Amino acid sequence: MASIGHQVVGVDVDAAKVADLAAGIPPFFEPGFDELLAAGIASGRLTFTTDPSDAADAQVHFLAVGTPQAADGSADLRYVDSAVDALLPQLAPGALVVGKSTVPIGTAAAVAERVEAAGGRLAWNPEFLREGFAVQDTLQPDRLVYGVRDENSAATLDELYAEVLVHGMPRIVTDLATAELVKVAANAFLATKISFINAMAEVAEVAGADVTQIADAIGHDARIGRRFLNAGVGFGGGCLPKDIRAFQARADQLGVGESLAFLREVDRINLRRRDRVVQLAEELLGGDVAGRRVTVLGLAFKPDSDDVRDSPALDIAGRLLSAGAVVRATDPHAIETSRRVHPELDYRDDIADALEGAELVILLTEWKQYRELDPAVVASSVETPRVIDGRNVLDPAAWRSAGWDYRALGRG
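To keep things clear, this report deals only with the structure shown in the data block. (Residues numbered from 1 in each chain as written. Predicted model: local features only at pLDDT ≥ 70, side-chain atom pairs only at ≥ 80, totals over all residues. Heavy atoms only, no water.)

## A word on the nonpolar core
Put simply, the rule reads: Here, nonpolar core refers to any group of buried Ala, Val, Leu, Ile, Met, Phe, Trp, Tyr and Cys residues whose side-chain atoms link them within 4.5 Å. Think of it in three bands: residues with accessible area under 20% of the maximum for their type are buried, residues over 50% are exposed, and the middle band is partly exposed, with areas taken using a 1.4 Å probe on protein chains only. Only DSSP runs of H or I with at least four residues qualify as helices, and only runs of E with at least two residues qualify as strands; both kinds are numbered from the N terminus onward. Any two residues whose heavy atoms approach within 4.5 Å at even a single point are treated as in contact.
Ranked by size, the top nonpolar core spans 30 residues in total, and within it Val 296, Leu 299, Leu 320, Leu 360, Ile 362 and Leu 364 carry the most contacts. Among the secondary structure elements, those contributing two or more residues to this core are helix H11 (262-284), strand S8 (293-297), helix H12 (312-322), strand S9 (326-330) and strand S11 (360-363). With near-sequence residues (within four places) excluded, Leu 364 lies in contact with Val 233, Val 277, Val 296, Leu 297, Gly 298, Ala 313, Ile 316, Gly 390 and Arg 391. The next biggest cluster of nonpolar side chains, apart from the first, holds 20 residues, and it includes Ala 83, Ala 108, Ala 112 and Leu 122.

Structure below.
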């Protein structure tokens, strides 16, 4: 928002995070974000504070707090409620509050009543950011969705996004409930598509087929498309897993749980992929990983991110360690975030160091530097050339011709 000309105040309760941001230190790794942060601060249009009153004269307030998964699988709305509590006393008459958080259906209507009682207006404007592409997806999104209760709110959002709308992306103006549902529906569909191809991978392994070629073939069908048909260890991160579980929980509360019952199987298929990698490791190492040296390449849930929330890669590394394996783990950016979750793992910053003496190599996050490894060079570093390609991104022929025992998910 600062980069497209707005005067922006970022408010957070975490004083250490605010201090870092004010100093130009990003709280996470995201390509292009550190430059955007520095430019915003240098321009004078971007400041950070822990005091909500510093934003009292704002015309637009974004609610952009997390909605983590509660113990029962539903969305934990305590941070949304807390943010609204802090905001309402500062709300100028007629100011627009814009919800960005992923929330259960009905949340926006409840927040709207409180905001309108305080003299403001509420809109819901879900974000569709992909980690690793968040800057691009903010400044050049593939669509903008406005959930509003009056035409003036839509006009305010048009003014706010004027520099973005010039790119000509679709703009959908709807009601609050539809805007809420758009986000969770999108995540549920993507999770379903990923789990579908992983279910095909389970069948392909037994049948001796190649799931990658299956994905290529069905991906040519315009009704299906090739994106998100990459079989592997499954999805993770802070959105898809918790959002599909929260969607199920809310559907149950609304009495339509059967409509989303399939999402439970989507979740189970996704988690089974992690089990399968551990099983493959045991098979390749003679039935037991205890005492065997295993190198894990990748810890973040996806490349170009340091996010390890519900990361399949970190989970698998932890499971192997629990089974007695001697695990060395490496990642270009996610070692520190991983260390907070699994401090007991042996982390190595250098790929060559991580590979030295390995009896099994497992690629679990498809960072470019791992996809481009030279199998002949790597073979000279390990003790035994065995590899599990958990993302189906390596060339099986090239690795096998270099002497590797190559295994992948869904490739017979």
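From this point, the discussion proceeds with the structure in view.
## Some words on the pattern of salt bridges
We apply this condition: Basic side-chain nitrogens of Lys or Arg form a salt bridge, by our definition, when they fall within 4 Å of a carboxyl oxygen of Asp or Glu.
According to the stated counting rule, one finds 34 salt bridges in the structure shown. In this structure, Arg 245 and Asp 310 form a salt bridge, with 3.6 Å as the shortest nitrogen-oxygen distance. Here Arg 245 is found in helix H10 (residues 240-253), whereas its partner Asp 310 is found in the loop between S8 and H12, with 65 residues between them in sequence. Note on Arg 245: relative accessible area 18%, which makes it buried. The residue Arg 276 makes a salt bridge to Glu 283 at a minimum N-O spacing of 3.1 Å. By relative accessible area, Glu 283 is classed as partly exposed at 45%. Members of the salt-bridge network, linked through shared partners, are Arg 245, Asp 267, Arg 274, Asp 275, Asp 310, Asp 315 and Arg 319.

## Some points on the packing of aromatic side chains
Inclusion rule: We call Phe, Tyr and Trp rings a pair once their centres come within 6.5 Å, taking the six-membered ring for Trp, and we label the pair stacked below 30 degrees between planes, edge-to-face above 60, and tilted otherwise.
All told, the structure shown has three aromatic pairs when counted by the stated rule. Judged by centre distance (5.0 Å) and plane angle (25°), the rings of Phe 28 and Phe 33 are stacked. With a relative accessible area of 39%, Phe 28 lands in the partly exposed category. Between Tyr 146 and Tyr 161 the ring centres are 6.4 Å apart and the planes differ by 15°, which places this aromatic pair in the stacked class.

## Quick notes on unusual backbone geometry
Within the chain, Phe 228 stands out as a residue other than glycine whose phi angle is a positive 65°. Of note, Phe 228 is situated in the loop between helix H9 (211-219) and H10. The exposure class of Phe 228 is partly exposed, given its relative accessible area of 31%. The phi dihedral of Asn 392 is positive, around 55°, even though this residue is not glycine. Assignment of secondary structure puts Asn 392 in the loop between strand S12 (386-389) and helix H17 (396-401). For Asn 392, a relative accessible area of 13% translates into the label buried.

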